[in-house]
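Topology and contacts: notes
Okay, here's what each chain looks like letter by letter:
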Amino acid sequence: MKIIFCVSFIFYSTWSVSQASSNEWHKGIVVTTDQDTISGEIKYDFSSNMITLVKNESVIAFSSHKLVYFEIYDESYKSFREFYAIPHKNASNYFTPTLFELQFEGVLSLLSREKIVLETSSVGYGYGVPIITQPTVRYDFYFLTKTGKLTQFSGSKRDLLRILAKKKNKLQSFIRGNRLKTDDLRDLVRIIAFYNSI
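Residues numbered from 1 in each chain as written. Predicted model: local features only at pLDDT ≥ 70, side-chain atom pairs only at ≥ 80, totals over all residues. Heavy atoms only, no water.

**Quick look at the pattern of salt bridges**
We count it as follows: The rule for a salt bridge is simple: a side-chain nitrogen of Lys or Arg has to be within 4 Å of a carboxyl oxygen of Asp or Glu. Helix and strand labels come from DSSP, where a helix needs a run of H or I of at least four residues and a strand needs a run of E of at least two; each type is numbered from the N terminus. Think of it in three bands: residues with accessible area under 20% of the maximum for their type are buried, residues over 50% are exposed, and the middle band is partly exposed, with areas taken using a 1.4 Å probe on protein chains only.
Within this structure, the stated rule accounts for seven salt bridges. As a salt-bridge pair, Lys-78 and Glu-75 come within 3.0 Å of each other at their nearest N and O atoms. For Glu-101, the salt bridge is made with Arg-81, and the minimal N-O distance between the two is 2.7 Å. Within this pair, whereas Glu-101 is found in strand β8 (residues 95-104), its partner Arg-81 is found in strand β7 (residues 79-89), the two being separated by 20 residues in sequence. Arg-81 sits in the buried class, given a relative accessible area of 0%. Taken together, the shared-partner salt bridges connect Asp-74, Arg-81, Glu-101 and Glu-114 into one network.

Structural data, given as C-alpha cells:
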C-alpha cells in the first residue's frame with residue numbers, strides 16, 4: 001500500500017450517479033490471488049464485490065475472492081486510486097473478501113466503500129413545490145489497524161470519539177478548532193492523519 005493522503009483531499013462525500021466513478025471504465029492493473037498482474041480497462045462494482053477487466057478485447061470478471069488488489073487511474077479525479085480485497089464479516093456472520101478503497105494509510109488506515117442511495121429533496125420553497133428523488137453516491141467508512149482489525153465507522157462525531165477514545169481530548173480540540181465534519185471524506189482524512197501524528 002502507498003500513502004495517498006494528498007489524493008484523498010480531492011474527493012467529495014457525495015456525487016450524482018452520473019458522476020459516479022463506478023459507472024466509468026478506468027485504465028489500471030489487477031493483482032489476483034494467483035499472483036498474476038494484469039493491466040487493462042477496469043470497471044468496479046462495490047454492490048457485487050466484483051470488477052470487470054477488458055484486455056485485448058477479452059472481458060474477464062473477477063470476484064473479490066480472486067482479487068488481492070487493483071489500482072485505477074481516475075480521469076475525473078486526475079489521480080490514482082487503490083482498492084483491496086480484505087476479509088470482512090458479512091450478513092451471515094462469515095468472513096468473506098470484500099472490496100475497500102484505501103483513502104489514507106497509517107498506523108490507523110481509513111478505508112471506504114461506495115454505495116448508491118436515494119435522496120429526496122424539494123425544488124424551491126413553499127407549499128406544493130415538486131419533490132425530487134434521485135440516486136446519489138455516498139460512502140461507508142472503515143478504520144483498519146496494523147493488526148488487521150476492521151471497524152465500521154458511522155460518520156458521527158460521537159462514534160469517532162468512542163472508537164478513538166485513547167486520543168479523545170486532542171481529537172476533539174482538533175475537530176473543533178478546524179471546524180471539521182466527521183462524515184465528510186476530506187475532513188475525515190485530515191482527522192485520521194492528525195490521529196496518526198499524535
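So that's the structure; there's more coming.
**Comments concerning the packing of aromatic side chains**
As a reminder of what qualifies: Planes of paired rings set the category: under 30 degrees apart is stacked, over 60 is edge-to-face and the rest tilted, where pairs are Phe, Tyr or Trp rings (Trp by its six-membered ring) whose centres lie within 6.5 Å.
Under the counting rule described, the total for this entry stands at 11 aromatic pairs. Both rings, one in Tyr-44 and one in Phe-70, keep their centres 6.4 Å apart while their planes meet at 40°; by these two values the pair is tilted. Here Phe-70 lies in strand β6 (residues 67-74) and Tyr-44 lies in strand β3 (residues 37-45), a separation of 26 residues in the sequence. Taking the relative accessible area as the measure of exposure, Tyr-44 reaches 2% and is therefore buried. Ring geometry for Phe-46 and Phe-83: centres 6.1 Å apart, planes at 45°, overall tilted. Of this pair, Phe-46 sits in the loop between β3 and β4 (50-55) while Phe-83 sits in strand β7, and the two are 37 residues apart along the sequence.

**Let's talk about the side chain of Glu-71**
We apply this condition: Throughout this description, a polar contact denotes any pair of N or O atoms lying within 3.5 Å of each other; where both atoms belong to protein, one of them has to be capable of donating a hydrogen while the other can accept it, and for residues adjacent in sequence the pair is counted only when both atoms sit in side chains.
With respect to the helices, strands and loops of the structure, Glu-71 is situated in strand β6. Within the structure, the side chain of Glu-71 is placed 2.7 Å from the side chain of Tyr-69, a separation counted as a polar contact.

**Overview of the pairing of strand β10 (residues 131-145)**
This is how it is decided: A strand pair is defined by DSSP finding two or more bridges across the two strands.
When β10 meets strand β11 (residues 150-153), the two strands line up antiparallel, connected through four bridges. If you follow Phe-141 over to β11, its bridge partner there is Phe-153. The hairpin formed by β10 and β11 contains four residues between the paired strands, and Gly-148 there has a positive phi angle of roughly 95°.

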